[in-house]
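If you want the building blocks of each chain, they are given just below.
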Amino acid sequence: MRSRYDTPPFDVAQGAPSDSRGARHRATEVFRNVISVPQCLCVSLIVASLFWAPLAADDSNRLLSIDHFVRVKSTVPSMNGQPSQIYVRERVLAGMVSRATTAPDRVVLFVHGAGTPAEVAFDVNYEDYSWMAFLARAGFDVFSVDMTGYGRSTRPAAMNDPCNLARDKQAGFAAAPCMPSYPYAITTIGSDWNDVGAAVDYIRALRRVERVSLVAWSLGGPRAGGWTAQNPSKVNKLVLLAPAYGRNQANDAPKTQPEGPGFNTQSRAEFDANWDRQVGCPGQYEPAAANSVWSSMLESDPVGATWGPGVRRAPQTTTWGWNQAAVAKTMTPTMMVAGAHDKQVSPDRVRELYTDLGAKQKVFVDLGCSSHNAMWEKNHLALFRASLEWLEQGTVNGAQDGMLRLGY
């Protein structure tokens, strides 16, 4: 029997009712065309062409969830040159899919951070907490991508060996402290850029657009921002939540791979503790929202879910390149957001990004009563609405540039 985590014989289109339960069902048949993309010869793209029956009037506003699997020639060090797949999720109104073309400025790709795959970070199955669904209902064709090592994307074999965890993290997963079989960070920012580029080119071909907008969180900042600095002609706008900016980061990859743990894990207790240390106001987040996020986290990692009490696994990533010199040359309109109580990416680092960014059209949003997990907290709609205005009009509260406070 084929697992849902194996490479499917074709992309799977699924329809999702717009209620909060998020139940899914098969919506239509999908056909596959293989195309080549001259701009990215390292990537083999599989494009789903959707042939829909005529929609009833009340069907056009039905919110769909469509799964895509993009074939990539990997640049992950442990599997360099090997074929792999990255998982891309799409949320879109049925009426938009039935159109022959997509508006060139209404295609968005979400890029996740360290630890949490995009399908969990941005498509939470709880009330109105899905950022992807929010933008899709506003008429955007919304995609998200899981980097190699996350979710339903290919996971390098080294992530199945608990000996590749830090020694103090092996307890409960390995019989005794053990020597690593792969003593290096499993992914790099370079391999992440390769994945982002593959997803962007796939979407550009699928929806016949020249540019997409990127929305990113945490380590997604260097992933999306660094890729944009190298490929500005393919990006409309950027929205960066708690971007992990380092103005003094090295320009280039290290000459040799630095030794260290290959990947990391997080338990529910660690997840809760990390969030609770960032609570700065009453009712900042709902326990039910946290439960939904954690359930989806374990569902996204069926192997990690069997380790100890159940954990999510994520590769360690070696980073470089997204520094002061790179962002000074970036002219892409950018909205950046810092949660007032974020203790993972200090708001001061986001202010440094605002200062260093070359773009004239840039807004810094200080989001009150919010942590690093702002999209899962009570001020999530303030964040979502600001991102919608930015993507549609290039403004937040009517301002094209400057520093703003929301959610206070």
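Residues numbered from 1 in each chain as written. Predicted model: local features only at pLDDT ≥ 70, side-chain atom pairs only at ≥ 80, totals over all residues. Heavy atoms only, no water.

A.B. asks: Mind showing me how you'd approach the state of the cysteines here?
C.D. replies: Here, the word disulfide means a covalent bond between the sulfur atoms of two cysteines. Within this structure, the stated rule accounts for 2 disulfides. Between C163 and C178 runs a disulfide, and the two sulfur atoms are separated by 2.0 Å. Measuring handedness by torsion sign, the sulfur bridge of C163 and C178 sits at about -110° and is left-handed. Taken together, the residues C163 in the loop between β8 (141-145) and β9 (187-188) and C178 in the loop between β8 and β9 connect sequence positions 15 residues apart. Of the two residues, C163 and C178, neither departs from the other in class, the shared state being buried. Paired through a disulfide, C281 and C369 show a sulfur-sulfur distance of 1.6 Å. (Disulfide = S-S within 2.5 Å. Helix = DSSP H or I, 4+ residues; strand = E, 2+ residues; numbered from the N terminus. Buried < 20%, exposed > 50% of the residue type's maximum accessible area, 1.4 Å probe, protein only.)

A.B. asks: Help me understand the packing of aromatic side chains in this model?
C.D. replies: For the structure on display, the rule yields 18 aromatic pairs. A centroid spacing of 5.3 Å and a plane angle of 70° characterise the contact between F110 and W131, whose relative ring orientation is edge-to-face. Of the two residues, F110 sits in strand β7 (residues 107-111) while W131 sits in helix α3 (residues 131-137), which places them 21 residues apart along the sequence. Each member of the pair, F110 together with W131, is buried. Relative to W294, the ring of F271 lies with its centre 5.3 Å away and its plane at 40°, an arrangement referred to as tilted. In this pair, F271 sits in helix α6 (residues 268-276) while W294 sits in helix α7 (residues 287-300), placing the two residues 23 residues apart along the sequence. Note on F271: relative accessible area 5%, which makes it buried. By the ring-pair criterion, three or more aromatic residues cluster together here, those being W217, F271, W275, Y285, W294 and W376. Above the face of the W307 ring, R313 is positioned so that its terminal group lies 5.7 Å from the ring centre. (Phe/Tyr/Trp six-rings, centres within 6.5 Å; stacked < 30°, edge-to-face > 60°. Lys NZ or Arg CZ within 6 Å of the ring centre and 35° of its normal.)

A.B. asks: Can you walk me through the packing of helix α4 (residues 189-207) against helix α5 (residues 220-230) in this structure?
C.D. replies: Helix-helix packing is described using two parameters, namely the angle between the two axes and the distance between the axes. Put simply, α4 and α5 touch, their axes get as near as 9 Å, and they point 75° apart. Compared by their axis directions, α4 and α5 come out roughly perpendicular. Listed contacts from α5 to I189, D192, W193, V196, G197 and V200 of α4 are P222, R223, G226, W227 and Q230. (Axes fitted to C-alpha atoms, helices over the stretch in contact; angles between N-to-C directions. Parallel < 35°, antiparallel > 145°, perpendicular 65-115°, else oblique. Contact = heavy atoms within 4.5 Å.)

A.B. asks: Help me understand the pairing of strand β6 (residues 83-93) in this model?
C.D. replies: Two faces, one strand: in a regular strand the side chains alternate between the faces of the sheet. For β6, a buried count of 10 out of 11 residues is recorded, marking the element as mostly surrounded by other parts of the structure. Pairing analysis gives 4 bridges linking β6 to β8, with the strands arranged antiparallel. Within β8, the position partnered with R89 by the bridge is S144. (Pairing = 2+ DSSP bridges.)

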